Amino acid sequence: MPILRPSTSSTAPSLPGTPSRPGLGRRSFLGLSLGAGAALTLAACGGGSASTAGGQAATLKWGWALPTSWDPVTSSAGWDVHALSLVYAGLTKLDLTGQAVPALATSWKYNADGTVVTFTLREGQKFSDGAPIDATAVKKSIERGRDDAKSLVASQLVGVKDVTAFDAGTVRLTLAAPDFQIPALLAGKTGMIVNPKAFEGDAAGIATKPAGSGPYTLVSYVQNAKAVLRRNPTYWDASHIKIENFEVYPLPEASTVVAALTSGQYNVAQIPGSQVEAAKAAGLEVQVIPSMVVAVLDLNLGKAPFDDDPDVALAIKYAIDRKELLKTAAFGHGEVTVQPFPQGYAGHDDALDKLFPYDPDKARQLLAKAGHAGGLDLTLSTSTPEGVPELIQAQLKKVGINVRIDTVPQAQATQLVYIQRSKALFVDQFAGRDSATQAFQVLFGKEGLMNPGRTTSPELEKALDVVRRTPLDSAEYPAVLQKATGIAVRTMPNVFLYTVPRILARNTKVSQIPAYTVVQRFEGVTVA
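If you're wondering where the values come from, they're calculated on a predicted model, not measured in any experiment.

Asks: How should I be thinking about the overall build of the protein chain in this particular structure?
Replies: The helix and strand inventory of the protein chain stands at 15 helices and 19 strands. A burial count over the protein chain gives 57% of its 528 residues as buried. As presented, the protein chain carries roughly 20400 Å² of accessible surface, and 52% of it is formed by carbon and sulfur atoms.

Laid out in structure tokens, this is it:
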């Protein structure tokens, strides 16, 4: 069963060697601090003079974001998966419909009860340093993600009881309980295969020197400024990588991004909704790609004023005018939502959209019930105080909540909000995940990174156990997943606001960008 529901349109291009229009007939759905000024030359990572076979001597300059770390195990931001996917490959990847398909593994097979999954590896694959990608390397990489003390993906692999290198080309995962989500889970950051030679020698060094086998190798890197990559001719799918050189830059400023694109500083960049019309007027191509990203308010129920009475958190859900936020802050690009999955995804339940309508009177009643009839002071933390936080401040003022905006440096946000859990309320965006249960774990799990209060729901855990035990191609899968979504929306404190599409503007010399919803991929893209 596809993970995505059928749709009537798509803007994605056809990709060589992949199902094009039949696949695109579905709506494409399913985001460490380093030494300052670090500048590295990474010729030893295989960046030298790459072959031009199948490629073009052209450069794609992508204004997007540089990763918090080039190590997928210690990367602390969901957005990192896009840049990391340029230099790492996994056993699987997601196709345009959101289903797991072969990558470094050519196939996989579950046992009857879903407690063992066996992957067959693609023959002859190598890391960027020439080391073989065999079953032993895959075993060590997965075990590091599960067991390393600094791993930020460990909680997602806790169900993997044992990893066995059955022979050089076969890896077997034995699970603590039935879980049919593993191929999807391994399609993203959690499943990126890291060269054991790198983490057994200098694990900390991977933060600036990736050790993977992706479509590109990193040639040079200046932290917070620029990453230069070159096509990897030994990548398993190299024939579909058409661009020889790739450069990644930090997200451009909204006020200058269109000018930067027209001047050639970038030839592809993420732009905010406010710049769509300006980009079109400047002759740029604009693609609005549906994504799994959802704007959200993360509440910490362990911090005041939410620790006193659950009705305070509930009042916030009714006090927010999501339509105004979408119209004003996102210029209407996206959809209002109260749930973690966008429309078109198997886990999205249309009936839930009726919950928590904008109702200031209801919010006031809940606050009064919680003992705050005379008003309430609240601190709203954010990395970007303008826009959405200011609108929320004004909306909460209308129900008697006096909001102080606390600006948190972007580089410290994950540490302060999600690791130290020192903030009560934070404006953020959830980048989505390759596996549905992975998304639930990150948002609502007892060790979930984006669950600052570590609030859990026994009812939700029970529902997720059913989801894991249900094969993705089962006719029952959407229903059991939507049931879990409903429990999460009703019992957990997160205030989901609106979906955030990936808006890419590009020079007309760049061909259309594939509309992958979780990870932006560039197979088939050319630069004239």
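Asks: Help me understand the packing of aromatic side chains, please; the structure alone is not making it clear to me.
Replies: Any pair of aromatic rings gets described here by the distance separating the centres and the angle formed by the planes. Counted according to the given criterion, the structure contains 15 aromatic pairs. An angle of 85 degrees between the planes, with centres 6.0 Å apart, marks the rings of Trp 62 and Phe 246 as edge-to-face. A residue pair is termed long-range when its members are at least 10 positions apart, and Trp 62 in strand E2 (residues 56–63) and Phe 246 in strand E11 (residues 243–249) qualify at 184 residues. Take Trp 62 and Phe 246: they sit in the same class, and that class is buried.

Asks: So what exactly am I meant to see when it comes to the environment of Ser 383 here?
Replies: Relative to the assigned elements, Ser 383 resides in the loop between strand E15 (376–382) and helix H11 (388–397). Along the backbone, Ser 383 and Gln 410 are 27 residues apart, and their C-alpha atoms lie at a distance of 5.2 Å. Within polar-contact distance, the side chain of Ser 383 engages the backbone oxygen of Val 408 at 3.2 Å.

Asks: What is the right way to look at the pattern of salt bridges in this model?
Replies: Pairing between side chains of opposite charge can happen when the charged atoms of each approach one another. For the coordinates displayed, the defined rule picks out 10 salt bridges. Here Arg 146 makes a salt bridge to Asp 147, at a shortest N to O gap of 2.8 Å. For Glu 523, the salt bridge is made with Arg 521, and the minimal N-O distance between the two is 2.9 Å. Exposure class is identical for Glu 523 and Arg 521. Each is buried.

Asks: Mind showing me how you'd approach helix H3 (residues 135–147) here?
Replies: Three or four residues apart is the spacing at which side chains of an α-helix point the same way, because the helix has 3.6 residues per turn. Taking 1.5 Å per residue, 13 residues should reach 18 Å; H3 reaches 18 Å between its end C-alpha atoms and fits that length. If you check which residues of H3 are buried, you get Ala 135, Ala 137, Val 138, Ser 141, Ile 142, Glu 143, Arg 144 and Gly 145. Summarising the contacts, the buried residues of H3 are in contact with strand E6 (116–121), strand E7 (160–167), strand E8 (170–175) and helix H5 (196–202).

Asks: Would you take a moment to explain the pairing of E8 for this structure?
Replies: For a regular strand, side-chain orientation follows a simple rule: the groups alternate between the two sheet faces. Pairing between E6 and E8: 5 bridges, direction antiparallel. Directly across from Val 116, in E8, lies its bridge partner Thr 174. Looking at chain direction, E7 and E8 are connected through 6 bridges and run antiparallel. Looking at the pairing, Val 163 lines up with Leu 173 of E8. The loop that links E7 with its antiparallel partner E8 comprises 2 residues.

Asks: How do you make sense of the sheet that holds strand E5 (residues 105–110) when you look at a structure like this?
Replies: The strands making up a sheet associate through hydrogen bonds between their backbones, and the pairing can be parallel or antiparallel. The 4 strands lie next to each other as E5-E6-E8-E7, forming an open sheet whose pairing is antiparallel. The sheet is open, and its two edges are formed by E5 and E7, each paired on a single side. Between one strand axis and the next, the sheet turns by 20 degrees as a mean value, whatever way the strands run. Pairing between E5 and E6: 5 bridges, direction antiparallel. When the sheet's bridge partners are listed, Ser 107 is paired in E6 with Thr 120.

Asks: I'm lost on the packing of helix H8 (residues 310–319) against helix H10 (residues 360–369) in this one. Help?
Replies: The description of two helices packed together rests on the angle between their axes and the distance between the axes. With their axes 8 Å apart at the nearest point, H8 and H10 run at an angle of 170 degrees to one another. Comparing the axis directions of H8 and H10 gives the class roughly antiparallel. Across the interface between the two elements, Asp 311, Val 312, Leu 314, Ala 315, Tyr 318 and Ala 319 of H8 pack against Pro 360, Lys 362, Ala 363, Leu 366, Leu 367 and Lys 369 of H10. When the residues that make up the contact of H8 with H10 are grouped by side-chain class, the tally is 9 nonpolar, no polar and 3 charged.

Asks: Explanation requested: the nonpolar core in the structure shown.
Replies: Soluble, globular proteins show a tendency: their nonpolar side chains are buried together. Counting residues in hydrophobic clusters, the biggest one holds 104 residues, and the most contacted among them are Leu 60, Trp 62, Leu 91 and Leu 173. Two domains each provide a minimum of three residues to this core, namely domain 1 (91–197) and domain 2 (294–499). Residues in contact with Leu 91, not counting those within four places in the same chain, are Pro 102, Ala 103, Leu 104, Ala 105, Phe 119, Leu 121, Val 138, Ile 142, Leu 186, Gly 191 and Ile 193. Ile 316, Val 388, Val 403 and Tyr 498 belong to the second largest nonpolar core, which has 40 residues in total.

Asks: For this particular structure, what's the right way to read H10?
Replies: Among all positions in H10, only Pro 360, Ala 363, Leu 366 and Leu 367 are buried. Summarising the axial view, the buried residues of H10 lie within an arc of 120 degrees, below the 170-degree limit, and thus occupy one face. Opposite the packed face of H10, turned more than 90 degrees from it, sit the exposed residues Gln 365 and Lys 369. Next to the buried residues of H10 lie H8, E15 and strand E16 (401–407). Where H10 terminates, the next one or two residues include Gly 371, which has phi positive at roughly 90 degrees.

Asks: It is not clear to me how unusual backbone geometry should be interpreted in this structure. Could you clarify?
Replies: Of all residues except glycine, most have a negative phi; of all peptide bonds, most are trans. Between Ala 304 and Pro 305 the backbone carries a cis peptide bond, its omega angle lying at 5 degrees. The backbone of Asn 224 sits at a positive phi, close to 60 degrees, despite the residue not being glycine. Non-glycine residue Phe 356 carries a positive phi angle of around 55 degrees. Mapped onto the secondary structure, Phe 356 falls in the loop between helix H9 (322–329) and H10. A relative accessible area of 9% places Phe 356 in the buried class.

Asks: Where do I start with the side chain of Glu 247 in this structure?
Replies: Inspection of the secondary structure assignment puts Glu 247 in strand E11. It turns out Glu 247 is buried and unbridged, and the closest side chain with the opposite charge, Lys 226, is 4.0 Å from it. A polar side-chain atom of Glu 247 sits 2.5 Å from a polar atom in the side chain of Tyr 249. Filtering out sequence-adjacent residues up to four positions away, Glu 247 remains in contact with Thr 59, Leu 60, Lys 61, Trp 62, Lys 226, Ala 227 and Val 228.

Asks: Even after reading the chapter, I still don't get the environment of Ala 100, so can you show me in this structure?
Replies: When you line up the elements, Ala 100 lands in strand E4 (residues 100–102). In this structure Ala 100 comes out as partly exposed when scored by relative accessible area, which is 23%. For Ala 100, the contacting residues outside a window of four places in its chain are Thr 92, Lys 93, Leu 94, Trp 108, Pro 183 and Ala 184.

Reading guide: rules and limits
- Residues numbered from 1 in each chain as written.
- Predicted model: local features only at pLDDT ≥ 70, side-chain atom pairs only at ≥ 80, totals over all residues.
- Heavy atoms only, no water.
- Helix = DSSP H or I, 4+ residues; strand = E, 2+ residues; numbered from the N terminus.
- Buried < 20%, exposed > 50% of the residue type's maximum accessible area, 1.4 Å probe, protein only.
- Areas by Shrake-Rupley, 256 points an atom, 1.4 Å probe, with all protein chains shown as cover.
- Phe/Tyr/Trp six-rings, centres within 6.5 Å; stacked < 30°, edge-to-face > 60°.
- Polar contact = N/O pair within 3.5 Å; in protein donor to acceptor, adjacent residues only side chain to side chain.
- Salt bridge = Lys/Arg side-chain N within 4 Å of Asp/Glu carboxyl O.
- Expected span 1.5 Å × (residues − 1).
- Contact = heavy atoms within 4.5 Å.
- Pairing = 2+ DSSP bridges.
- Axes fitted to C-alpha atoms, helices over the stretch in contact; angles between N-to-C directions.
- Parallel < 35°, antiparallel > 145°, perpendicular 65-115°, else oblique.
- Nonpolar A, V, L, I, M, F, W, Y, C, P; charged D, E, K, R; others polar.
- Core = buried A, V, L, I, M, F, W, Y, C linked by side-chain atoms within 4.5 Å.
- Domains from an automatic or database assignment.
- Arc of directions from axis to C-beta.
- Lys, Arg positive; Asp, Glu negative; His and termini not counted.

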